[in-house]
Amino acid sequence: MISLRGLVKQFPGGVRAIDDLDLEIAGGEFLALLGPSGCGKTTLLRTIAGLETPTAGRVGIGGRDVTALPPGRRDVAMVFQDYALFPHMDVAANIAYPLRVKRVGRAERRARAAATADRLGLSGLLERRPAQLSGGQQQRVALARAIACRPRAFLFDEPLSNLDARLRLTARTFLKRLQRELSVTTVFVTHDQGEALALADRVAVMSGGRLAQVGTPAEVFQRPLTTFVASFIGATPMNLLPGRAEGGALLVAGARLTPPGPARGLPDGEPVTYGVRPEYADLSFEPREDGFPGRVGVVENMGTALLVTLEPAGGGDGPLVQVVVPEEGGEPALGTPAWAVPRTSRALVYREGRLLGAPVAPAPASAEPTA
Amino acid sequence: MVRHVLARLGVTAFVAVLLGFFALPMLWLATAPFDAGASIRVSVPEFTLANFRALLVNPFAVGSLVNSAVQAGGAAALVVVLAALAAYALSRVQVPGRDLLLYLLLLMSSIVTGTAAMVPIFELATRLNLIDTHLGVILVVSGGLLPAAIFILKDFTDATPASYEESARVFGASPLQILRHVVVPLIRPGLATIAVWTVANVWGGFLLQFILIRDPGLAPGSVILYTLYTEGGQPDLPLVSAFSLVYSLPVVLMYVFVSGRYGFRFHGGIKR
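- Looking up chain B in an unreviewed UniProt entry gives the name ABC transporter permease, with the organism given as Spongiactinospora gelatinilytica.
- The UniProt entry for chain B carries this comment under Sequence similarities (unreviewed entry): "Belongs to the binding-protein-dependent transport system permease family."
- Word for word, the UniProt comment on chain B under Subcellular location (unreviewed entry) is "Cell membrane".

- The name given to chain A in an unreviewed UniProt entry is ABC transporter, with the source organism recorded as Spongiactinospora gelatinilytica.

Laid out in structure tokens, this is it:
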């Protein structure tokens, strides 16, 4: 288990990469640190590893305060984005390197490297140099090296981002099963929200050195606490439209909408942001009072469904709203007038960038509101 | 057509003369040692091995080869070890004014082993009792070669990704272990270059060794070569030519060996 308390990392240039961060990661948990580049997620991982010294705050691993300990005495294993396999050592020597540092005898080193390699499907490759391996094999050698030293925690720095798209899916499934089997606490840094949702027990969304939201993949997907998280999570970004309350309803982009539960009873004229995922809206070709009016601007085929982008009916600039419709209906013709009807039960209403009816106050909104 | 042929002939003749100009000394080195009447000219030799026999009975010739080997080997070892440590540190630790420091060192080094500094160096060596010692030569020569060696090696250490070392650190390796297990194997071509360059420099060096070593029993080959005179005070050309050949062979062999081992091969790490 890993616990971070009041963690601050300020670089000499004055940049605060981590800004007063608290986080508890349970034993055996798989936590994904998710955020855009520059949000501090890699710095946080390096601080847990001990490669960066925090400016303030404490780092605890397995109930032990390791803030002052060098990386090698924290009993963690890290997999780097470029894998950092030693090019002059063969696969077996690479996997056994942590054991060599720990002065384990040569015979036992070889045996343990072979056993670990076998487990990860690398048994035929022990004599090869990293340069003679494919990207996927290199990634598994890096994993094997991390596993071989039997650490208390795994720290992964975007280990899948150097693989091509198809291989990444295979490696993702493999990694998730492996982590389940080993049940070692794992922190996984990624900028790919799909990867985070797919792999993790909990997702910590970071922005500007702070945690914007920490929750299960379902929580951060269904109930993003800020408009930043809402716009960041999801294969297709959530529609976030400005509107205001009036007479118990919400007036948003030409539609008159029934507010979802937590947003009822807002005073008239109160400005809000109305959020609905493209998957949770339906397309109507008949005029609807509770639908956003527009015309079909772009249709993108996603295989099992179509992503339809409506543009404002009166011309205007930019997209208005996106809707995912099943492909059975066929592609709507471009320019057709259409109404995007959100499902009220799935809609979220934000005031000043925060979700209305959120159970607990999220971290201060350092998030930039995205429309 | 005729003009073209004439032009070709002219160019070829010019290149031949130019090549001959540079090849003649080499040719002399190939023929004179085996010539019973070796002179300053290149001629078809009157074949004999007597010159080499004369070399063997010379009281200092064979010993000077050992002296050269000790001094060159010692300096190479010192330069490689110190330059590796310094280059690694300089490429990993942020020191204010680091680049300026390197350039200054490089500039100074040409003064240290240059003629201008000979008197103070002799004075210093005398006070430290380093005259007539191998150590004296090794220290002074290394001092002169180190800055350039650090400069060259830093390029190699800079090119090694920091993630290799960070990875080793997370697994608990100490800085010296990281250097030994990861950095040194990766910069081995650079280390080999530095070692060869140092050996060649010391092997062919004359002035410093001439000044720091008074005892002919400790003098390296380059200095002994200078003492091969006949009783009449003329250079003993048969002996000089034979010794020149013997003295240049080790360096040539070293180049061949190192170039075969490291010259054209990198095992896939540094270049990705």
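**Considering the UniProt feature "transmembrane region" (unreviewed entry) in chain B**
Residues and elements named next belong to chain B.
Inference 1: Feature annotation in UniProt places "transmembrane region" (unreviewed entry) on residues 60–88, 100–122, 134–153, 190–213 and 237–258, given in this structure's numbering.
Inference 2: Split by type, residues 60–88 is 97% helix and 0% strand. Its first and last C-alpha atoms lie 41 Å apart.
Inference 3: End C-alpha atoms of residues 134–153 are separated by 26 Å, and the span's content is 100% helix alongside 0% strand.

**Some words on the UniProt feature "domain: ABC transporter" (unreviewed entry) in chain A**
Inference 1: UniProt records the feature "domain: ABC transporter" (unreviewed entry) at residues 2–233 of chain A, using the numbering of this structure.
Inference 2: End C-alpha to end C-alpha, residues 2–233 of chain A measures 25 Å, and it is 37% helix and 25% strand.

**Structural notes on the domain arrangement of chain A**
Residues and elements named next belong to chain A.
Inference 1: Each assigned domain of chain A is listed here: domain 1 (2–225) and domain 2 (235–355).
Inference 2: The centre of domain 1, based on its C-alpha atoms, is set 39 Å off from the matching centre of domain 2.
Inference 3: With seven residues of domain 1 at the contact, the number on the domain 2 side is ten residues.
Inference 4: In this assembly, domain 1 and domain 2 are joined by zero salt bridges.
Inference 5: Summed over the shared surface of domain 1 and domain 2, the result is five residue pairs in polar contact (both at pLDDT 80 or more).
Inference 6: Counting residues per element, the side of domain 1 that touches domain 2 draws most heavily on helix α7 (residues 217–222), which supplies three residues.
Inference 7: Split into classes, the residues belonging to the side of domain 1 that touches domain 2 amount to four nonpolar, two polar and one charged.

**Quick word on the sheet that holds strand β10 (residues 210–215) of chain A**
Residue and element names in this part refer to chain A.
Inference 1: Taken in spatial order, the six strands of this open sheet run β6-β7-β8-β3-β9-β10, and their pairing is mixed. At either margin of the open sheet sits one strand with a lone partner, and together these are β6 (76–79) and β10. Put simply, the sheet's adjacent strands are angled 20° from each other on average, direction ignored.
Inference 2: Strand direction decides the pairing type here: strand β3 (residues 30–34) and strand β8 (residues 185–190), joined by five bridges, are parallel. When the bridges of β8 are listed, F30 appears paired with T186.
Inference 3: On the sheet, helix α4 (residues 135–148) packs against β6 and β7 (153–157) and is oriented at approximately 175° with respect to β6.

**Description of the side chain of S244(B)**
Residues and elements named next belong to chain B.
Inference 1: Structurally, S244 is set in helix α12 (residues 237–263).
Inference 2: Exposure remark for S244: the relative accessible area of 16% places this residue in the buried category.
Inference 3: Among residues more than four places away in sequence, those in contact with S244 are L29 and L225.

**What to know about the interface of chain A and chain B**
Inference 1: Taken together, the 26 residues of chain A in the interface contact 19 residues of chain B.
Inference 2: Here chain A and chain B share an interface that buries about 2000 Å² over both sides, 62% of which is from carbon and sulfur atoms.
Inference 3: If you look at where chain A meets chain B, you find one salt bridge.
Inference 4: Between R46(A) and E166(B) there is a salt bridge, with its nearest N and O atoms 2.7 Å apart.
Inference 5: On inspection of chain A and its partner chain B, the count reaches seven residue pairs in polar contact (both at pLDDT 80 or more).
Inference 6: Listed by contribution, the elements that provide at least two residues to the side of chain A that touches chain B are β6, α2 (91–101) and α4 of chain A.
Inference 7: By residue number, the principal contributor to the side of chain A that touches chain B is α2(A), which donates four residues.

**What to know about the packing of aromatic side chains**
Inference 1: The full count for this structure, using the stated rule, is 16 aromatic pairs over all chains.
Inference 2: Ring geometry for F156(A) and F188(A): centres 6.2 Å apart, planes at 85°, overall edge-to-face. With a gap of 32 residues between them, F156(A) in strand β7 and F188(A) in strand β8 connect regions that are remote in the sequence. For the pair F156(A) and F188(A), one class covers both residues: buried.
Inference 3: Their ring planes at 15° and their centres at 4.8 Å tell us that W203(B) and Y247(B) sit as a pair that is stacked. Of this pair, W203(B) sits in helix α9 (residues 188–204) while Y247(B) sits in helix α12, and the two are 44 residues apart along the sequence.
Inference 4: A relative accessible area of 10% places W203(B) in the buried class.
Inference 5: Using a relative accessible area of 8% as the deciding quantity, one classes Y247(B) as buried.
Inference 6: One aromatic cluster in this structure is built from F30(A), F154(A), F156(A) and F188(A).
Inference 7: Above the face of the F221(A) ring, R277(A) is positioned so that its terminal group lies 4.0 Å from the ring centre.

Definitions and limits used
Within each chain, residues carry numbers counting from 1 in the order of the written sequence. The lettering of chains begins at A and the numbering of ligands begins at 1, in the order of writing. In keeping with the model being predicted, local features are shown solely for residues with a pLDDT of at least 70 and side-chain atom pairs are shown and tallied solely at 80 or more, while totals for entire chains, interfaces and linings include all residues. By convention in this description, side-chain values take in all heavy atoms of the structure and omit both hydrogens and water. UniProt positions are given in the numbering used here, feature names are shortened, and annotations may be inferred rather than shown by experiment. By the criteria applied, helices consist of DSSP H or I runs no shorter than four residues and strands consist of E runs no shorter than two, each listed in order from the N terminus. Throughout, the edges of the domains are those of an automatic or database domain assignment. Contact criterion: two residues are considered in contact whenever any of their non-hydrogen atoms come within 4.5 Å of each other. Salt bridge criterion: a side-chain nitrogen from Lys or Arg within 4 Å of a carboxyl oxygen from Asp or Glu. Any N or O atom pair separated by 3.5 Å or less is treated as a polar contact, with the protein-specific requirement of one donor-capable and one acceptor-capable atom, and with residues adjacent in sequence counted only for side-chain atom pairs. Polar here means any residue other than Ala, Val, Leu, Ile, Met, Phe, Trp, Tyr, Cys and Pro, which are nonpolar, and Asp, Glu, Lys and Arg, which are charged; Gly is therefore polar. Pairing between strands is defined by DSSP: at least two bridges between the two strands are required. Here an axis means a line fitted to C-alpha atoms, over the contact stretch when the element is a helix, while the angle between two N-to-C directions is reported on a 0 to 180 degree scale. With a 1.4 Å probe rolled over the protein chains alone, any residue whose accessible area is under 20% of its type maximum counts as buried; one over 50% counts as exposed, and the rest are partly exposed. The term buried area refers to how much accessible surface (probe radius 1.4 Å) is lost by two components on association, counted for both of them together. Centre distance within 6.5 Å is the pairing criterion for rings of Phe, Tyr and Trp, where only the six-membered ring of Trp is used; planes under 30 degrees apart are then read as stacked, over 60 as edge-to-face, and the remainder as tilted. Working rule: Lys NZ or Arg CZ, within 6 Å of ring centre, within 35 degrees of ring normal, means a charge sits over the ring.

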